[in-house]
Amino acid sequence: MARLAINVDHVATVRQARRVQEPDPVTAAALAELAGADGIVVHLREDRRHIQDRDLEVLRQTVKTRLNLEMAATEEMVRIALKTRPHVVTLVPEKRMELTTEGGLNVREQKSHLQVVIPRLQDGGIIVSLFIDPDLQQVRASQELKTDCVEIHTGSFAEAQSPGQQEQELNRIEEAAVLAEELGMTVHAGHGVDYRNILRLRDIPEIEEFSIGHAIVARAVLVGMERAVRDMIALVKG
Ligand code: PXP
């Protein structure tokens, strides 16, 4: 049965719309954990558009499950990660103008940089995950870099415009997950996962953890965090 990690970035998005104190992603994380979440995820972006350094520090002290920090593989972020020591770091590509993370890391192209960053984080006791597209060459390149984990980007599946395209994308995710597991890596998956499309993804047994943010926070605004998390747990583990 897969784990469910909740990304609370968009609780901070609402707070930053007014540059005030509320709603607090730390409180949202605590409620998510009380509702049964297996982990908490935040993306500390270079432009600090939602999660702030303070959020990461407080979450590191208060999260009882596992804290997963999504970040770009920059010197600033590596230093923050080594100081804060979250349980997991997920390395993601980051572009200033994007609305959300748009694609997976090009592990093959960034090999020389990543082969320095990954062991630095691992030597700090941090589990390292690479956010990659469901592409077999990216999976192999990730294993060559001795990463602990890959998170497979499910965005193309989530955005598929026809049942045929959705099926095709699902197959790509499944093939990437199978290969990653065969090569000894833990498999996470996320981006664009919602209360409907999870029903297809949960049947891929190699996926050990789903990382879900927007759909859960969007529902939480209407029905509360606890119910939004419980509804998703029932689907992930159902
Ligand atoms: N995984 C990664 C690496 C992401 O960058 C994001 C978005 O921040 C998510 C998962 C969650 O995506 P969503 O908010 O669409 O559920």
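Look up a bit, the structure's there.
Here's a quick rundown of the structure. (Residues numbered from 1 in each chain as written. Predicted model: local features only at pLDDT ≥ 70, side-chain atom pairs only at ≥ 80, totals over all residues. Heavy atoms only, no water.)

Details of the overall build of the protein
Turning to step 1, where the next piece is worked out: Across its full length, the protein holds 11 helices and eight strands.
Turning to step 2, where the next piece is worked out: At 17 Å, the protein has a C-alpha radius of gyration in line with the 18 Å of a compact globule built from 238 residues.
Turning to step 3, where the next piece is worked out: A principal-axis box enclosing the C-alpha atoms of the protein has dimensions of 45 × 40 × 30 Å.
Turning to step 4, where the next piece is worked out: The 238 residues of the protein split such that 50% are buried.
Turning to step 5, where the next piece is worked out: Taking as baseline every contact in the protein between residues at least 6 positions apart, the subset at least 24 positions apart corresponds to 68%.
Turning to step 6, where the next piece is worked out: By element, 49% of the accessible surface of the protein is carried by carbon and sulfur atoms, the whole surface being about 11,200 Å².
Turning to step 7, where the next piece is worked out: Taking the average location of the 29 positive side-chain charges in the protein and that of its 37 negative ones, the two points are 4 Å from each other. (Helix = DSSP H or I, 4+ residues; strand = E, 2+ residues; numbered from the N terminus. Rg over C-alpha atoms; globule rule 2.2 N^0.38 Å. Buried < 20%, exposed > 50% of the residue type's maximum accessible area, 1.4 Å probe, protein only. Contact = heavy atoms within 4.5 Å. Areas by Shrake-Rupley, 256 points an atom, 1.4 Å probe, with all protein chains shown as cover. Lys, Arg positive; Asp, Glu negative; His and termini not counted. Charge placed at Lys NZ, Arg CZ, Asp CG, Glu CD.)

Quick look at unusual backbone geometry
Turning to step 1, where the next piece is worked out: In this structure, the amide linkage connecting Glu 22 to the following residue, Pro 23, adopts the cis form with an omega of 0 degrees.
Turning to step 2, where the next piece is worked out: For Pro 23, the position within the fold is in the loop between α1 (9-16) and α2 (25-34).
Turning to step 3, where the next piece is worked out: Within the chain, Lys 146 stands out as a residue other than glycine whose phi angle is a positive 60 degrees.
Turning to step 4, where the next piece is worked out: Its location among the elements puts Lys 146 in the loop between α6 (136-144) and β6 (149-153).

Here's the deal with the nonpolar core
Turning to step 1, where the next piece is worked out: Leu 91, Leu 121, Phe 210 and Ile 216 are the most contacted members of the largest nonpolar core, which has 72 residues in total.
Turning to step 2, where the next piece is worked out: In this structure Phe 210 touches Ala 2, Arg 3, Leu 4, Ala 5, Ala 189, Ile 198, Leu 201, Arg 202 and Val 236, once residues within four positions along its chain are discounted. (Core = buried A, V, L, I, M, F, W, Y, C linked by side-chain atoms within 4.5 Å.)

Examining the packing of helix α3 (residues 53-62) against helix α4 (residues 75-84)
Turning to step 1, where the next piece is worked out: For the pair α3 and α4, the least separation of the axes is 11 Å and the interaxial angle reads 25 degrees. On the basis of the axis angle, α3 is roughly parallel to α4. Considering how the two elements wind past one another, α3 and α4 form a crossing that is right-handed. From α3, Asp 53, Leu 56, Glu 57 and Arg 60 reach across to α4, where they touch Ile 80, Lys 83 and Thr 84.
Turning to step 2, where the next piece is worked out: Split into classes, the residues belonging to the contact of α3 with α4 amount to two nonpolar, one polar and four charged. (Axes fitted to C-alpha atoms, helices over the stretch in contact; angles between N-to-C directions. Parallel < 35°, antiparallel > 145°, perpendicular 65-115°, else oblique. Left-handed = near helix turned anticlockwise from the far one by under 90°. Nonpolar A, V, L, I, M, F, W, Y, C, P; charged D, E, K, R; others polar.)

Observations concerning the pattern of salt bridges
Turning to step 1, where the next piece is worked out: The final tally for this structure, using the stated rule, is 18 salt bridges.
Turning to step 2, where the next piece is worked out: The residue Glu 208 makes a salt bridge to Arg 3 at a minimum N-O spacing of 4.0 Å. With a gap of 205 residues between them, Glu 208 in the loop between α9 (198-201) and β8 (209-212) and Arg 3 in strand β1 (residues 3-7) connect regions that are remote in the sequence.
Turning to step 3, where the next piece is worked out: Ionic contacts of the salt-bridge type, sharing partners, join the residues Arg 3, Arg 66, Glu 208 and Glu 209 into one network. (Salt bridge = Lys/Arg side-chain N within 4 Å of Asp/Glu carboxyl O.)

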